[in-house]
Amino acid sequence: MPAPGHNVVDTERRMPGFEIFTFLFDNCYQPVVIQVPLCHINKITIMDTSANAIFPKGASAPADYFTGTAWVNTLVPNDAILHSVIANVIFEPGARNNWHTHPGGQLLIVTDGTGYYQEKGKPAQLIKKGDLISILPDVVHWHGASHDSELTHIAINPNTKNGASVWLDRVTNEEYNSARKG
Ligand code: MN
């Protein structure tokens, strides 16, 4: 199995094989060609995805507000003119943040991997590299990696004068696992 933080990026499959079997038909042995599946993977290349990361991992995400392993790199700190925070967040497979709100709203730009985004009372959405998520102020939601892939997103928190994040309950395993079904 690939180690956490690594993706299988290349597999090479052998073509299905053909073998000759001899069968008894009408008192006469006859050769019959039968296709035999031989599709086992014979080469797996492991690549460290951090080598391709746009931004370094940063600091461990606060355990009080995250379940599993995640990393937060604050790219743009808050200031008194723009009132915005931009952070790069990396979630290892299975990791997610708590239910929370942003009084000033939030924009997520997914730059790598796949994950989930869920608003309270709605089904979870599968999100992937290239997706943009616009979160209105005070909407209760969570985001995180999918079960078997990392997720990297840039989080933009505008209007920080209203407050950045209000952290609520953890996303339980039951809630997280139901996200797989959508
Ligand atoms: Mn959020």
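Residues numbered from 1 in each chain as written. Predicted model: local features only at pLDDT ≥ 70, side-chain atom pairs only at ≥ 80, totals over all residues.

Caption draft 1: Quick look at the overall build of the chain. Along the chain, the regular secondary structure elements total one helix and 16 strands. Evaluated residue by residue, the chain yields a buried proportion of 24% over its 182 residues. Sequence-distant contacts in the chain: of pairs separated by 6 or more residues, those separated by 24 or more amount to 67%. (Helix = DSSP H or I, 4+ residues; strand = E, 2+ residues; numbered from the N terminus. Buried ≥ 20, exposed ≤ 12 C-beta atoms within 10 Å, placed from the backbone. Contact = placed C-beta atoms within 7 Å.)

Caption draft 2: Examining the nonpolar core more closely. Judged by nonpolar contacts, the single largest core of 22 residues is most densely connected at Ala70, Trp71, Val89, Ile90, Phe91, Ala95 and Tyr116. Going through the elements one at a time, β7 (70-76), β8 (85-91), β11 (106-119), β14 (141-145), β15 (151-157) and α1 (173-179) are the ones with two or more residues in this core. Broken down by element, the residue count for this core peaks at four residues, all from β11. Ignoring sequence-local partners within four residues, the contact set of valine 89 consists of Ala70, Trp71, Val72, His153 and Ala155. (Core = buried A, V, L, I, M, F, W, Y, C linked by C-beta atoms within 7 Å.)

Caption draft 3: Focus on unusual backbone geometry. Of note in the backbone geometry, histidine 83 takes a positive phi value of approximately 55° without being a glycine. One can find histidine 83 in the loop between β7 and β8. A positive phi is found at aspartate 138, a non-glycine position, where the angle reads about 70°. Tracing the backbone through its elements, the reader meets aspartate 138 in the loop between β13 (132-135) and β14. Of the residues examined, aspartate 138 has 13 C-beta atoms within 10 Å and is grouped as partly exposed.

Caption draft 4: Up close: the pairing of β7. Looking at chain direction, strand β5 (residues 59-60) and β7 are connected through two bridges and run antiparallel. Bridge pairing in β7 places serine 60 opposite tryptophan 71. In this structure, β7 lies alongside β8, joined through six bridges in antiparallel fashion. Its bridge partner lying in β8, tryptophan 71 is registered against isoleucine 90. (Pairing = 2+ DSSP bridges.)

Caption draft 5: Expanded view of the environment of valine 89. Tracing the sequence through the fold places valine 89 in strand β8. When the C-alpha positions of valine 89 and histidine 153 are compared, they lie 5.5 Å apart, and in sequence the two are 64 residues distant.

Caption draft 6: Seen up close, the confidence of the model for the chain. For the chain, the mean per-residue pLDDT works out to 84, and 72% of the residues sit at or above 70. Counted against residues more than four places away or in other chains, residues 40-47, with its pLDDT under 50, gives 17 contacts. (pLDDT = per-residue confidence, 0-100.)

Caption draft 7: Just the environment of histidine 141, in detail. Relative to the helices and strands, histidine 141 is located in strand β14. For the pair histidine 141 and threonine 101, spaced 40 residues apart in the sequence, the C-alpha separation amounts to 6.5 Å.

Caption draft 8: Examining the environment of glycine 94 more closely. Along the chain, glycine 94 falls in the loop between β8 and β9 (96-97). Overall, glycine 94 belongs to the partly exposed group, with 19 C-beta atoms counted inside 10 Å. For the pair formed by glycine 94 and alanine 145, sequence separation is 51 residues and the distance between their alpha carbons is 5.7 Å. Apart from residues no more than four positions distant in its own chain, glycine 94 is found in contact with Gly68, Ala145 and His147.

Caption draft 9: Local environment of the pairing of strand β12 (residues 125-128). One ladder, built from four bridges, connects β11 with β12; its direction is antiparallel. Bridging from a neighbouring strand, tyrosine 117 pairs with glutamine 125 of β12.

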